[in-house]
Amino acid sequence: MRNAPERPAGDRADAPKTGGTRPTPASAPAQAQVHRCAHLHPGAWWLWSLSLGTAATRTTNPLLLALLITTSAYVVATCRRTTPWSHSYAAFVKLALAVLLVRLLFAITLGSPIPGTHVLVTLPELPLPDWAQGIRLGGRVTAESLVFALYDGLKLATLLICVGAANALANPHRLLKSLPGALYELGVAVVVALTFAPHLIADVQRLRSARRLRGRPDTGIRGLLQVGLPVLEGALERSVALAAAMDARGYGRTAEVPPRVRRTTTALTLGGLLGVCAGTYGLLTAEGGTYGIPVLLAGLTSALAGLRLGGRRTPRTRYRPDRWDVRSFLVAGSGAAVAAAMFLAGAADPAALHPGVVPLVAPTLPLLPAAAVLLGLLPAFLAPTPKEPSS
């Protein structure tokens, strides 16, 4: 009887196995960090970004606006994870640049109400009829009008970039799952709408690949017609299956609520939404800064109370709901602190937040508002990007 050949040391039965699913000690901290970063409430990211956007609406100082953009970009670069929605930040940056260029183009072609003495170029002016008084095409282009358009467009661009930061950082599915019970049907409809397009694109790619493997055309009118029918058939089957699953889970069933509670819920919700609109308008205008915050807070309180009462009509449970922990409150609070500091700085020294353009003066960086904007960097230290476990 022959002896079995001796196995190498790396193949011995008593050698440590590295291909298992048990995490190694070196990867345990990284996995713990992934678990820690995955439970940051998505609403905290939206409150943080909207607060930075609110701060951007209170100033036209290009230095402060550039600091706000840098703050949001640094937090996105530090906290963004590899997800399908994380790439939306670049799209919002491109949209902001397009808005800025369009604003400058309008100032050049349509003129500006800002008077100026530094003429840069004089374009051919087209005559317009009498009913178009106040509008001109071409004419003088002054440095004051361009600087005013640059400040105004940069404010809107900063607001768009801050909203893009929220889209890149917050999980949209988890955000919809956190909606109150009164908005349950709306959340389900949005989730279905968000998942329809990816499934449709995947079906088209799958069918086109199958036709190419069979040697059949997949382009042109003929290929489009032969691919479109199976895609529509699959979408219909998926819709029927989704409807059956939603019915089995009790979707659309409401609880019995007294009429008085329904009327109170409607009044609170509609009144709160009107108050939020009026307060937001007051915050975005210089004249309504005194009543904007009280009306906005009253509207938010009324709307939240209405949503709380409306949630009684749709009793449901959540699987692993997101919790507002200390880190979530700190992330949202850092953005709120930036917005509050910008409001206080605007009341104390409005000239520092709104540099003049007639006459042209170089903008200066106010120290206190700039230090307040740096508070927006706190999420970069509270929720950094989780590192991949080392192999």
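Everything below is about the structure printed above this text.
The structure presented is a predicted model; accordingly, all values stated were derived computationally and were not measured.

Undergrad: Quick question: what am I supposed to make of the side chain of Ser302 here?
TA: Summarising the element assignment, Ser302 is placed in helix α10 (residues 289-310). Apart from the residues lying within four places of it in its own chain, the contact partners of Ser302 are Leu268, Thr269, Gly271 and Gly272.

Undergrad: What should I look at first to understand the packing of aromatic side chains in this one?
TA: Centre-to-centre distance and the angle between the planes together describe a pair of aromatic rings. Counting across every chain of the model gives two aromatic pairs. Arranged with centres 5.9 Å apart and planes meeting at 85 degrees, the rings of Trp45 and Trp48 form a pair that is edge-to-face. You can see Trp45 and its partner Trp48 sitting in helix α2 (residues 42-57), three residues apart, about one turn around the helix. Overall, the relative accessible area of 5% leaves Trp45 in the buried class. Judged by its relative accessible area of 0%, Trp48 is buried. Where Trp324 meets Phe329, the ring centres are 5.4 Å apart and the plane angle is 45 degrees; that geometry is what we call tilted. The class for Trp324 is partly exposed, based on a relative accessible area of 34%.

Undergrad: Before we go on, may I ask you to explain the pattern of salt bridges in this structure?
TA: As a working rule, side chains carrying opposite charge can pair if their charged atoms are close by. Scanning the entire structure with this criterion turns up two salt bridges. Note that Asp152 and Arg103 form a salt bridge whose closest N and O atoms lie 3.2 Å from each other. Taken together, the residues span a long stretch of sequence, with Asp152 in helix α5 (residues 143-169) and Arg103 in helix α4 (residues 88-109) at a distance of 49 residues. Asp152 gets classed as partly exposed once you look at its relative accessible area, which sits at 30%. The exposure class of Arg103 is partly exposed, given its relative accessible area of 24%. In this structure, the salt-bridge partner of Arg327 is Asp325, at a minimum N-O distance of 3.5 Å.

Undergrad: Is there a simple way to think about the nonpolar core in this case?
TA: The tendency in soluble globular proteins is for nonpolar side chains to be buried as a group. Membership of the largest hydrophobic core comes to 32 residues, with the highest contact counts inside it found for Trp45, Trp48, Leu68, Val75, Leu169 and Val331. Contributions of two or more residues to this core are made by α2, α3 (62-79), α4, α5, α11 (326-348), α13 (367-373) and α14 (378-382). Element by element, the count of residues in this core is highest for α5, at seven residues. Aside from chain neighbours lying at most four places away, what touches Leu68 is Leu52, Ala55, Ala56, Thr158, Val338 and Val373.

Undergrad: Explain the packing of α4 against α5 to me, please; I cannot follow it from the model alone.
TA: For any two helices packed against each other, one specifies the crossing angle of their axes together with the interaxial distance. The geometry of α4 relative to α5 is characterised by a closest axis approach of 8 Å and an angle of 165 degrees between their N-to-C directions. One element, α4, and the other, α5, form an angle in the roughly antiparallel class. Note that α4 runs across α5; the crossing there is right-handed. Its residues placed into classes, the contact of α4 with α5 shows 22 nonpolar, five polar and two charged.

Conventions we followed
- Residues numbered from 1 in each chain as written.
- Predicted model: local features only at pLDDT ≥ 70, side-chain atom pairs only at ≥ 80, totals over all residues.
- Heavy atoms only, no water.
- Helix = DSSP H or I, 4+ residues; strand = E, 2+ residues; numbered from the N terminus.
- Contact = heavy atoms within 4.5 Å.
- Phe/Tyr/Trp six-rings, centres within 6.5 Å; stacked < 30°, edge-to-face > 60°.
- Buried < 20%, exposed > 50% of the residue type's maximum accessible area, 1.4 Å probe, protein only.
- Salt bridge = Lys/Arg side-chain N within 4 Å of Asp/Glu carboxyl O.
- Core = buried A, V, L, I, M, F, W, Y, C linked by side-chain atoms within 4.5 Å.
- Axes fitted to C-alpha atoms, helices over the stretch in contact; angles between N-to-C directions.
- Parallel < 35°, antiparallel > 145°, perpendicular 65-115°, else oblique.
- Left-handed = near helix turned anticlockwise from the far one by under 90°.
- Nonpolar A, V, L, I, M, F, W, Y, C, P; charged D, E, K, R; others polar.

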